[in-house]
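Listed here are the chains, written in short residue letters.
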4 protein chains.
Amino acid sequence: MSHNTFGHLFRVTTWGESHGAALGCVVDGCPPGIRFTAAEIQTFLDRRKPGQSKYTTQRREADAVRVLSGIIPDEDDPDTLITTGTPVSMMIENTDQRSKDYSDIKARYRPGHADFTYDAKYGLRDYRGGGRSSARETAARVAAGALARKVVPGLEVRGALVAMGTEDIDRSNWDWEEVGRNPFFSPDADAVDRFAAYLDAIRKDGSSVGAIIEVVATGVPAGLGAPIYAKLDQDIASHLMSINAVKGVEIGNGFEAARLRGEDNADEMRIGDDGRPVFLSNKAGGVLGGIATGKPVVARFAVKPTSSIMTPTKSVTKDGVEVDVQTKGRHDPCVGIRAVPIGEAMVACAIADHYLRHRGQTGRV
Amino acid sequence: MSHNTFGHLFRVTTWGESHGAALGCVVDGCPPGIRFTAAEIQTFLDRRKPGQSKYTTQRREADAVRVLSGIIPDEDDPDTLITTGTPVSMMIENTDQRSKDYSDIKARYRPGHADFTYDAKYGLRDYRGGGRSSARETAARVAAGALARKVVPGLEVRGALVAMGTEDIDRSNWDWEEVGRNPFFSPDADAVDRFAAYLDAIRKDGSSVGAIIEVVATGVPAGLGAPIYAKLDQDIASHLMSINAVKGVEIGNGFEAARLRGEDNADEMRIGDDGRPVFLSNKAGGVLGGIATGKPVVARFAVKPTSSIMTPTKSVTKDGVEVDVQTKGRHDPCVGIRAVPIGEAMVACAIADHYLRHRGQTGRV
Amino acid sequence: MSHNTFGHLFRVTTWGESHGAALGCVVDGCPPGIRFTAAEIQTFLDRRKPGQSKYTTQRREADAVRVLSGIIPDEDDPDTLITTGTPVSMMIENTDQRSKDYSDIKARYRPGHADFTYDAKYGLRDYRGGGRSSARETAARVAAGALARKVVPGLEVRGALVAMGTEDIDRSNWDWEEVGRNPFFSPDADAVDRFAAYLDAIRKDGSSVGAIIEVVATGVPAGLGAPIYAKLDQDIASHLMSINAVKGVEIGNGFEAARLRGEDNADEMRIGDDGRPVFLSNKAGGVLGGIATGKPVVARFAVKPTSSIMTPTKSVTKDGVEVDVQTKGRHDPCVGIRAVPIGEAMVACAIADHYLRHRGQTGRV
Amino acid sequence: MSHNTFGHLFRVTTWGESHGAALGCVVDGCPPGIRFTAAEIQTFLDRRKPGQSKYTTQRREADAVRVLSGIIPDEDDPDTLITTGTPVSMMIENTDQRSKDYSDIKARYRPGHADFTYDAKYGLRDYRGGGRSSARETAARVAAGALARKVVPGLEVRGALVAMGTEDIDRSNWDWEEVGRNPFFSPDADAVDRFAAYLDAIRKDGSSVGAIIEVVATGVPAGLGAPIYAKLDQDIASHLMSINAVKGVEIGNGFEAARLRGEDNADEMRIGDDGRPVFLSNKAGGVLGGIATGKPVVARFAVKPTSSIMTPTKSVTKDGVEVDVQTKGRHDPCVGIRAVPIGEAMVACAIADHYLRHRGQTGRV
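Residues numbered from 1 in each chain as written. Chains lettered and ligands numbered in written order. Predicted model: local features only at pLDDT ≥ 70, side-chain atom pairs only at ≥ 80, totals over all residues. Heavy atoms only, no water.

K.L.:
Is there a simple way to explain the overall build of chain A in this structure?
P.N.:
If you tally the helices and strands in chain A, you get nine helices and 19 strands. Here the C-alpha atoms of chain A give a radius of gyration of 21 Å, agreeing with the 21 Å that 2.2 N^0.38 yields for 365 residues. C-alpha extents for chain A along the principal axes are approximately 70 × 55 × 40 Å. Classification of the 365 residues of chain A by burial places 70% in the buried group. If you take every contact in chain A between residues at least 6 apart in sequence, the share linking residues at least 24 apart comes to 68%. (Helix = DSSP H or I, 4+ residues; strand = E, 2+ residues; numbered from the N terminus. Rg over C-alpha atoms; globule rule 2.2 N^0.38 Å. Buried < 20%, exposed > 50% of the residue type's maximum accessible area, 1.4 Å probe, protein only. Contact = heavy atoms within 4.5 Å.)

Set out below in structure tokens:
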């Protein structure tokens, strides 16, 4: 809502640049009494961390999180932290800031990057490693998301890569367990070798490629959301669009729904064995009229190919000189891969926020 | 941000249901000194109004807007209203509330509608004509959007239908002038007969179909937007996702970007004749890093097929009885058509808001 | 928070000017299931209404409220309205807009009024009857407050005038029943004649005088509030300072606390008969560290003397001409009197908002 | 607005407790291009820092600020930092956390403190040194305020102590230069010895006393503010009420205005030598109708006596046992003294925020 804050009751503010001293987030409005360990947060950060495989940037950051406020240690087990209801500040220091010469990047506008637009907006910018527009900022989101997951009892938020460039997974092979076993977050074991060969070729070409990520949240209580301008699916879409390089978002059947006839897009209902209404399908992706149905919330987002490529592209300098830009050094050939844990975090934050808002307005949970 | 408000400096709050006395909006933060007439606002409302062709619902509403506050009439020309900087309240009375018997709809959960979810959230709902979830609410957005268009000098926001169900336009035939000449908002004159035949068949089947709308904003100054959680494209996506029945949003190349290689998705730059940087293409859809590049902002959104269809669908009542639901009476076979002016309004509001925010933070325009 | 909105979960937006078609409010976030009648709202509006005694302006407005949205009538008793959780829009039409000649006021800056500052801010203003700065705007607040009172079970919010100019009530005579029996909202029956004589003299002099109002809220659950920047007392102070002509606010002992020693300002505690902690006094005014103690919340605010007086005062015109300003016509000699129901409404709204926020974040009530 | 955030465009979020690892703030929305040094920020922090005289707590904290983000060092002078428009994160580590035994305080509710209310709200609390309710949080505000001062060209915000307990300054002796020369921030040199003797006696008694602070802002452009719910004086009052131990706020004539007749409270106007309107007095305290007049903005706030005193006071434990509470150790006998730089910071933040909002909505400065 604000420039660097999202959420209404579960509010996350992030700060920090690629090459400053540190980056972090402040989570305000977190319910009291939530128990967690720094190690748990770290687990999520490690999933996002660069340098995990040859397919991600080789920048090596410890990405070690420090919890600076908003908690009190458990007396019997000091590693366990308990939220007190006051803002939880978490910080990650930047340790691998190579004293690189940025004089090159300083003047040039790299195509696909925010160099030109930051200058257009602010009249100056932190050119060191992309500054605030660096994907490093997303580490703070992942830390916040780790807390958000604990706010809603029974909530589980999982993500997977469903397409990389022209390659798709086979959805009939979907296995959530597989996601953690391969460097692509692929839920389809059979696709892993295919992705590897494909991405190797892209990398050798000095090129890059985009990806599509699917995030599924189960355990979302029916009723979460709001009817008009804070729809649950709207807020999820907004949160996902805020991730660097994301160019599209869809819920449930998504764009495909535009192609369907009414009867083919309907989720019919029956009475379940427990006497309560059940949906017979989930084409809506768990949201009707902006409010959760109780079925899994399903969102997908499209990440564009990494803008930093070795192929020379035409550009200009700040001073009006025409140049060619060619990226050297460490870069992910597919930034979409690491977007999986980030997407999960953003969905978790949106759901946590709506859980608190729903409880606030209606007293229902 | 709030349940029924959007925007940060140009803030729009809407209120009203399908079958209450009236509906309307309050536009807060509108700059002073903007001149307009109620007739101008009405022009936009008339584009959205039902009953314009056989392809839209036959509900007949005058949709006549009253401007209740925030203006002072021009002394020399009382039809011209001048904004004073205080909230502009606009109201549209509901005139065609047929005294229909809603006892049927009251208990039944119509598949694809928000009936079940409103009950899940609030424990009760206004079942008359869909209540707050009725598309009628969007009239208020269109009124607000008409004002928003005037906030940014030189801004033009236009929308068009680019696909209806399985039928697409031919983009090489694009003609903005054509959009106003046919009942489908099609920019492709050659597609009009095809759309008509297709939709006639759908309607005769008692079915419905979805659509894809494209909105293009020109005259958006480079620099508008914000870097992380109030990205211009994020806010546009959020605004569009808040429209009833929208299931997906994309910017520029959108989902297609995920399929491309880096060099194919890059917008290269050169120095123009005026010595200033120019982008040689606009695959980014006018936004990089959340901030406007100065190129047209291009957004597309997918509308699902109308949920109210004559084909019986399985459902349940509030009281746990299994029933079949079959819609009778007036309904649009493709609600996507009327979403065109709504989408334009939402994009205009997002841009107006960011224009004021940008001017506020940076003093630049 | 926004220009014309207050509250975070119980959000009130007001709109309207003295001489437009109407004024009103939109209450967003109101819990569903609250039952009320328009007549109940009207009761509160009538307390604020001008023309009730010779001590208030003789402008005669019906101030009849219409509830336009966010409700569904009770099936068995259509006069009873039930909130649905969607925005409640309420409107009051301006009926007594005398076709007065405002050419005089249009150019002159009336001392103590917002004429000069509105022009300084916006470059133009609605000079008719004070426009948006007219006390008429507060009718909308009173309507919203009537709903707010129903949000918190057991809440009672009452106000009284405790000083008018140099005249004070005798607090040992305090009787809440008396407040409704005299035109001054005085809780001290013995002070009524004194106030009457004092104000008659002021009025005959063509002068005006200020007042101090005290608002007391009982039934505020311990725990409501927030620790730092949304303190319950802070939000109450903010809400009260937003009322026209208010120049000071205090909580509990207020400014007097600055004069006391620690032991004289302490609220000691003991264990009550029910085994729960009790405060032995309430010098804090029901709030410690921004959070409600469970004792009555006590706030006082100071209203400056009516700026419109018959005594000529030096001023200037928009065009730089020095003039004398002298008010003729209907005006309250003490605007503070009618501020009593407004103050109550604002306190009720603040408490309702914090009730929902507290329930949202903590799940406690 | 949020629990731990204030401001709309110049947004400050603070975090941290008395005895966590650190505390800090994130300033979001700061305009780009502002130049400052960490040493400048430190100057303001040092004014607030405890242990400066025998009249403030002897806790010794370096209170050294680190600027972690949102800036880029000047190339020619790396000590000079330039804001980039992205969030400025500032952190102060807690260095003097004596490993005190807090088992005593943990169970007991100290009268006047937020112990009972935090437990009532959250069900648990950080009892170490008062946790989030400690005055230590205000260091973060002072850091934010140091930046805010630079946002509005020509703005100067100064504060002074005008009363301590029963002792007042003589306003005819007012000298801003004197404020920095004595430990009480007294603008009256003659009052210093009197204050010293008075406070020595209070301290020897193991007691404490309150204070009244006045903050004056000059260079506030006419037009800043908003008409109804974001009035400049309302936001200043809200900001000041958010400071620990503050129980009352007033603007200009304040509570005294309630005692005056209209003609005695009027600020008359004439045309100045430059042909522009001038106010002949400033009883309004620089604000009319919520909008700045261009005259100095004058606010006063009342701070209650320090709650921690050596005199035993009756209280209870969390477990329902009646106890006496008696404070030992380091505590300010008059917390109001150190509130001077905090009050200045809060006023500066409110004005900076309104400057950006005004520029945003109106394009005027």
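K.L.:
Is there a simple way to explain the interface of chain B and chain A in this structure?
P.N.:
Interfaces are frequently sized by the accessible area removed from exposure as the parts join. Across the contact, 112 residues belong to chain B and 112 residues belong to chain A. Sorting the residues of chain B by area buried against chain A places Lys121(B), Tyr229(B) and Lys247(B) first, and these three jointly supply 10% of that buried surface. At the junction of chain B with chain A, the criterion picks out six salt bridges. Between Asp205(A) and Arg261(B) there is a salt bridge, with its nearest N and O atoms 2.8 Å apart. For the side of chain B that touches chain A, the element with the highest residue contribution is helix α3 (residues 115–122) of chain B, accounting for seven residues. (Buried area = accessible area lost by both parts, 1.4 Å probe. Salt bridge = Lys/Arg side-chain N within 4 Å of Asp/Glu carboxyl O.)

K.L.:
For this particular structure, what's the right way to read helix α1 (residues 38–48) of chain C?
P.N.:
An α-helical turn contains 3.6 residues, so any two residues separated by three or four positions project in the same direction. Residues and elements named next belong to chain C. Residues of α1 that are buried: Ile-41, Gln-42, Leu-45 and Arg-48. Buried residues of α1, seen end-on, are gathered within an arc of 110° and therefore sit on one face of the element. Buried residues along α1 sit against β4 (35–37), β5 (65–67), β8 (88–93), α4 (138–148) and α9 (339–362). (Arc of directions from axis to C-beta.)

K.L.:
Help me understand the UniProt feature "binding site: NADP(+)" (unreviewed entry) in chain A, please; the structure alone is not making it clear to me.
P.N.:
All names here are of chain A. When the UniProt feature table is mapped onto this chain numbering, "binding site: NADP(+)" (unreviewed entry) sits at Arg-48 and Lys-54. Summarising the element assignment, Arg-48 is placed in helix α1 (residues 38–48). With near-sequence residues (within four places) excluded, Arg-48 lies in contact with Asp-63, Ala-135, Arg-136, Thr-138, Ala-139, Val-142, Arg-338, Pro-341 and Ile-342. Counting through the fold element by element, Lys-54 comes out in the loop between α1 and β5 (65–67). Since its relative accessible area comes to 48%, Lys-54 is described here as partly exposed. Discounting chain neighbours no more than four positions away, the residues touching Lys-54 are Asp-200 and Arg-203. (UniProt positions renumbered as here; feature names shortened; annotations may be inferred.)

K.L.:
What am I meant to see in the relation of the copies chain B and chain A here?
P.N.:
Least-squares fitting of chain B to chain A yields an RMSD of 0.0 Å, with the transformation described by 0.0 Å of translation along the axis and a rotation of 180°. Expressed as a symmetry operation, the mapping of one chain copy onto the other fits a two-fold axis. A share of 100% of the interface residues of chain B reappears at the interface of chain A, consistent with the copies meeting face to face through the same patch. (Least-squares fit on C-alpha atoms with pLDDT ≥ 70 in both.)

K.L.:
Any chance you could explain the sheet that holds strand β2 (residues 11–16) of chain C here in plain terms?
P.N.:
The pairing of strands in a sheet happens through backbone hydrogen bonds and is either parallel or antiparallel. Residue and element names in this part refer to chain C. As summarised here, the arrangement of the five strands in space is β1-β2-β3-β8-β5, forming an open sheet in which the pairing is antiparallel. Because the sheet does not close on itself, it has two edges, and the strands there are β1 (5–6) and β5. Of the strand pairs in this sheet, β2 and strand β3 (residues 22–28) are connected by six bridges, and their pairing is antiparallel. Note on β3: the bridge partner recorded for Gly-16 is Leu-23. Its contacts with the sheet place α4 against β2, β3 and β8, and it is angled at close to 30° to β3. (Pairing = 2+ DSSP bridges. Axes fitted to C-alpha atoms, helices over the stretch in contact; angles between N-to-C directions.)

K.L.:
Honestly, the relation of the copies chain B and chain C in this entry has me stumped. Any pointers?
P.N.:
These two copies of the chain differ by a rotation about an axis and a displacement along the same axis. Note on the copies: chain B fits chain C at an RMSD of 0.0 Å, the axial shift is 0.0 Å, and the rotation between them is 180°. Of all interface residues in chain B, 100% are interface residues in chain C too; the two copies therefore contact each other through one and the same surface.

K.L.:
I keep staring at the side chain of Arg270(A) and nothing clicks. Help me out?
P.N.:
Looking at where Arg270(A) falls in the secondary structure, it is placed in strand β13 (residues 269–271). The class for Arg270(A) is buried, based on a relative accessible area of 19%. A polar side-chain atom of Arg270(A) sits 2.9 Å from the main-chain carbonyl oxygen of Val323(B). Dropping the residues within four chain positions of it, Arg270(A) is found in contact with Arg276(A), Pro277(A), Val278(A), Leu280(A), Lys314(B), Ser315(B), Val316(B), Glu322(B), Val323(B) and Asp324(B). (Polar contact = N/O pair within 3.5 Å; in protein donor to acceptor, adjacent residues only side chain to side chain.)

K.L.:
What am I meant to see in the interface of chain B and chain C here?
P.N.:
Listed per partner, the contact involves 46 residues of chain B and 46 residues of chain C. Considering only the surface of chain B that becomes buried against chain C, Trp15(B), Ile72(B) and Leu124(B) emerge as the three largest contributors, covering 15% of it. Inspection of the chain B/chain C interface yields two salt bridges. The partner of Lys106(C) in a salt bridge is Glu75(B), with the nearest N and O atoms 2.3 Å apart. Joining chain B to chain C, the criterion identifies eight residue pairs in polar contact (both at pLDDT 80 or more).

K.L.:
Just checking my understanding: could you explain the nonpolar core for this structure?
P.N.:
A general feature of soluble globular proteins is that nonpolar side chains tend to end up buried together. Membership of the largest hydrophobic core comes to 364 residues, with the highest contact counts inside it found for Phe10(A), Phe10(B), Phe10(C) and Phe10(D). If we ignore the near neighbours within four places in the chain, the residues touching Phe10(B) are Val27(B), Asp28(B), Cys30(B), Ala144(B), Leu147(B), Ala148(B), Val151(B), Cys349(B), Ala352(B), Asp353(B) and Leu356(B). (Core = buried A, V, L, I, M, F, W, Y, C linked by side-chain atoms within 4.5 Å.)

K.L.:
How should I be thinking about the sheet that holds strand β8 (residues 88–93) of chain D in this particular structure?
P.N.:
Residues and elements named next belong to chain D. Taking strand neighbours across the sheet as the criterion, the five strands line up as β1-β2-β3-β8-β5 in an open arrangement whose pairing is antiparallel. A strand with exactly one partner marks an edge of an open sheet, and here the two such strands are β1 (5–6) and β5 (65–67). Here β1 runs beside strand β2 (residues 11–16); their pairing, made up of two bridges, is antiparallel. Across the sheet, Thr-5 pairs through a bridge with Thr-13, a residue of β2. Relative to the sheet, helix α1 (residues 38–48) contacts β5 and β8, its axis offset from that of β5 by approximately 145°. Packing of helix α4 (residues 138–148) onto the sheet brings it into contact with β2, β3 (22–28) and β8, and relative to β3 it is tilted by some 30°.

K.L.:
In this structure, what is going on with the UniProt feature "binding site: FMN" (unreviewed entry) in chain A? I would like to understand it.
P.N.:
Using the residue numbers shown here, the UniProt feature "binding site: FMN" (unreviewed entry) corresponds to Arg132(A), Ser133(A), Ser134(A), Asn244(A), Ala245(A), Gly289(A), Lys304(A), Pro305(A), Thr306(A), Ser307(A), Ser308(A) and Arg330(A). Excluding its chain neighbours within four sequence positions, the residues that come into contact with Thr306(A) are Ser208(A), Val209(A), Asp332(A), Pro333(A), Cys334(A), Val335(A) and Gly262(B). Side-chain polar atoms of Thr306(A) contact the backbone oxygen of Asp332(A), separated by 2.7 Å. Note that Ser307(A) resides in the loop between β17 (297–303) and β18 (313–316). Ignoring sequence-local partners within four residues, the contact set of Ser307(A) consists of Pro111(A), Gly112(A) and His113(A).

K.L.:
Just checking my understanding: could you explain the environment of Ile236(B) for this structure?
P.N.:
Locating Ile236(B) in the fold gives a position in helix α7 (residues 232–241). With 199 residues separating them in the primary sequence, Ile236(B) and Thr37(B) have C-alpha atoms 27 Å apart.

K.L.:
Looking at this model, I keep getting lost on unusual backbone geometry. Mind explaining?
P.N.:
For residues other than glycine, phi is negative in most cases, and the peptide bonds are mostly trans. With phi around 75°, Ala245(A) is a residue other than glycine that occupies positive phi space. Relative to the elements of secondary structure, Ala245(A) occurs in the loop between α7 (232–241) and β12 (246–251).

K.L.:
Quick question: what am I supposed to make of the packing of aromatic side chains here?
P.N.:
Aromatic ring pairs are reported here in terms of the distance separating the ring centres and the angle at which the planes meet. Under the defined criterion, the tally for this structure stands at 26 aromatic pairs over all chains. On the numbers, 5.4 Å between centres and 80° between planes, the contact of Phe116(C) with Phe279(D) is edge-to-face. On the criterion of chain membership, the pair formed by Phe116(C) in helix α3 (residues 115–122) and Phe279(D) in strand β14 (residues 277–279) is interchain, its members lying in two chains. We note that Phe116(C), like Phe279(D), is buried. When the ring centre of Phe195(C) is taken as origin, the NZ or CZ atom of Arg194(C), which lies over that ring, is 5.9 Å away. (Phe/Tyr/Trp six-rings, centres within 6.5 Å; stacked < 30°, edge-to-face > 60°. Lys NZ or Arg CZ within 6 Å of the ring centre and 35° of its normal.)

K.L.:
Would you take a moment to explain the pattern of salt bridges for this structure?
P.N.:
Pairing between side chains becomes possible if they bear opposite charge and their charged atoms approach one another. Across all of its chains, the model carries 116 salt bridges over all chains by this definition. One salt bridge in this structure joins Lys49(B) and Asp46(B), with 3.6 Å as the shortest N-O distance. When its relative accessible area of 27% is taken as the criterion, Asp46(B) is described as partly exposed. Residues joined in a network through salt bridges with shared partners are Arg110(A), Asp115(A), Asp119(A), Arg125(A) and Lys318(A).

K.L.:
Help me understand the side chain of Arg11(B) in this model?
P.N.:
Residues and elements named next belong to chain B. Here Arg-11 is to be found in strand β2 (residues 11–16). For the buried residue Arg-11, which engages in no salt bridge, the nearest side chain bearing the opposite charge is Asp-28, 5.5 Å off. At 3.1 Å, the side chain of Arg-11 forms a polar contact with the backbone oxygen of Gly-7. (Lys, Arg positive; Asp, Glu negative; His and termini not counted.)

K.L.:
What is the right way to look at the pairing of strand β19 (residues 322–325) of chain A in this model?
P.N.:
Across a regular strand the side chains alternate sides, sitting on one face of the sheet and then on the other. Burial of the side chains of β19(A) is restricted to one face: Val323(A) and Val325(A) are buried, whereas none of Glu322(A) and Asp324(A) on the reverse face is. Connecting β18(A) to the antiparallel partner β19(A) that follows it, the hairpin turn spans five residues, and Gly320(A) within it adopts a positive phi of roughly 85°.

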